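Each chain, letter by letter, is given below.
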Amino acid sequence: ALIRTTLPKDAVLVGQSIDHDIEWLGLEEGVDYRTYVDLADIFANRIPKILLTASNAVKRIKEGTETDGDVERRQSLKGDP
């Protein structure tokens with residue numbers, strides 16, 4: 001009840017997979033808040049490319065065909081000089 005009474009009726013809620021939180025809180029779009037933005041929808045488009053790049057790098061390491069760029073990226077992620 002505290003959130004419902006405190007939240008402005010024109011609020012835009014922002015969060016990752018926020019629809020679950022909205023449901024859990026029992027909030028109603030257009031009544032308790034104006035709209036929401038789900039960050040999961042925004043970042044979902046970037047993940048497959050990142051995963052594919054990581055997958056390809058792991059394959060090259062296992063095959064022994066790792067590139068200089070792979071080594072540099074791996075070292076920078078680990079904090080190696």
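Since the structure is predicted, the reported quantities are computational estimates derived from the model, not experimental observations.

Participant: Any chance you could explain the nonpolar core here in plain terms?
Facilitator: Soluble, globular proteins show a tendency: their nonpolar side chains are buried together. Listed in full, the 7 residues of the largest apolar core are L7, A11, L13, I18, I22, L27 and Y33. Excluding its chain neighbours within four sequence positions, the residues that come into contact with I18 are L13, Y36, V37 and D38.

Participant: Looking at this model, I keep getting lost on unusual backbone geometry. Mind explaining?
Facilitator: Glycine aside, residues mostly have negative phi angles, and peptide bonds mostly take the trans form. A positive phi angle is found at S17, which is not glycine, with a value near 50°. Within the secondary structure, S17 sits in the loop between β1 (12–15) and α2 (18–25). Here S17 falls in the partly exposed class, since its relative accessible area comes to 29%.

Participant: How should I be thinking about the side chain of D38 in this particular structure?
Facilitator: Its place among the elements puts D38 in strand β2 (residues 35–38). Looking at D38, its side chain comes within polar contact range of the main-chain nitrogen of A40, at 2.9 Å.

Participant: Please explain the confidence of the model for the protein as it appears in this structure.
Facilitator: Caution applies to low-pLDDT parts of the model: their predicted coordinates are not meant to be read in detail. Across the protein, the average pLDDT comes to 80, with 75% of residues at 70 or higher. Predicted confidence in the protein is weakest over helix α5 (residues 68–78), with a mean pLDDT of 67, and strongest over α2, with 94.

Participant: Explain the pairing of β2 to me, please; I cannot follow it from the model alone.
Facilitator: On a regular strand, one side chain projects to one face of the sheet and the next to the other, so that they alternate. Direction of pairing for β1 relative to β2: parallel, over a ladder of 4 bridges. Residue pairing in the sheet places V14 in a bridge with V37 of β2. In this fold, β1 hands off to α2, which returns the chain to β2; that crossover is right-handed.

Participant: Would you take a moment to explain a nonpolar patch on the surface for this structure?
Facilitator: A surface patch of nonpolar side chains, about 300 Å² in accessible area, is lined by V12, V14, V37 and I42. Its location among the elements puts V12 in strand β1.

Participant: Quick question: what am I supposed to make of the side chain of D32 here?
Facilitator: Secondary-structure assignment places D32 in the loop between α2 and β2. Here R4 takes part through its side chain, which lies 3.0 Å from a polar atom of the side chain of D32. Among the polar contacts listed, one links the side chain of D32 to the backbone nitrogen of E28, at a separation of 2.7 Å. In this view, D32 contacts R4, L7, P8, K9, G26 and L27; residues no more than four positions away in its chain are not counted.

Participant: I'm lost on a negative patch on the surface in this one. Help?
Facilitator: On the surface, a cluster of negative charge is made up of D19, D21, E23 and D41. Ranked by residue count, the leading element in the negative patch is α2, at 3 residues. Looking at the element boundaries, D21 is found in helix α2.

How each quantity is defined
Residues numbered from 1 in each chain as written. Predicted model: local features only at pLDDT ≥ 70, side-chain atom pairs only at ≥ 80, totals over all residues. Heavy atoms only, no water. Core = buried A, V, L, I, M, F, W, Y, C linked by side-chain atoms within 4.5 Å. Buried < 20%, exposed > 50% of the residue type's maximum accessible area, 1.4 Å probe, protein only. Contact = heavy atoms within 4.5 Å. Helix = DSSP H or I, 4+ residues; strand = E, 2+ residues; numbered from the N terminus. Polar contact = N/O pair within 3.5 Å; in protein donor to acceptor, adjacent residues only side chain to side chain. pLDDT = per-residue confidence, 0-100. Pairing = 2+ DSSP bridges. Right-handed = clockwise from strand over helix to strand, strands pointing away. Patch = residues over 30% accessible without salt bridge, like charges linked within 9 Å, V, L, I, M, F, W, Y side chains within 5 Å. Areas by Shrake-Rupley, 256 points an atom, 1.4 Å probe, with all protein chains shown as cover. Salt bridge = Lys/Arg side-chain N within 4 Å of Asp/Glu carboxyl O. Lys, Arg positive; Asp, Glu negative; His and termini not counted. Charge placed at Lys NZ, Arg CZ, Asp CG, Glu CD.

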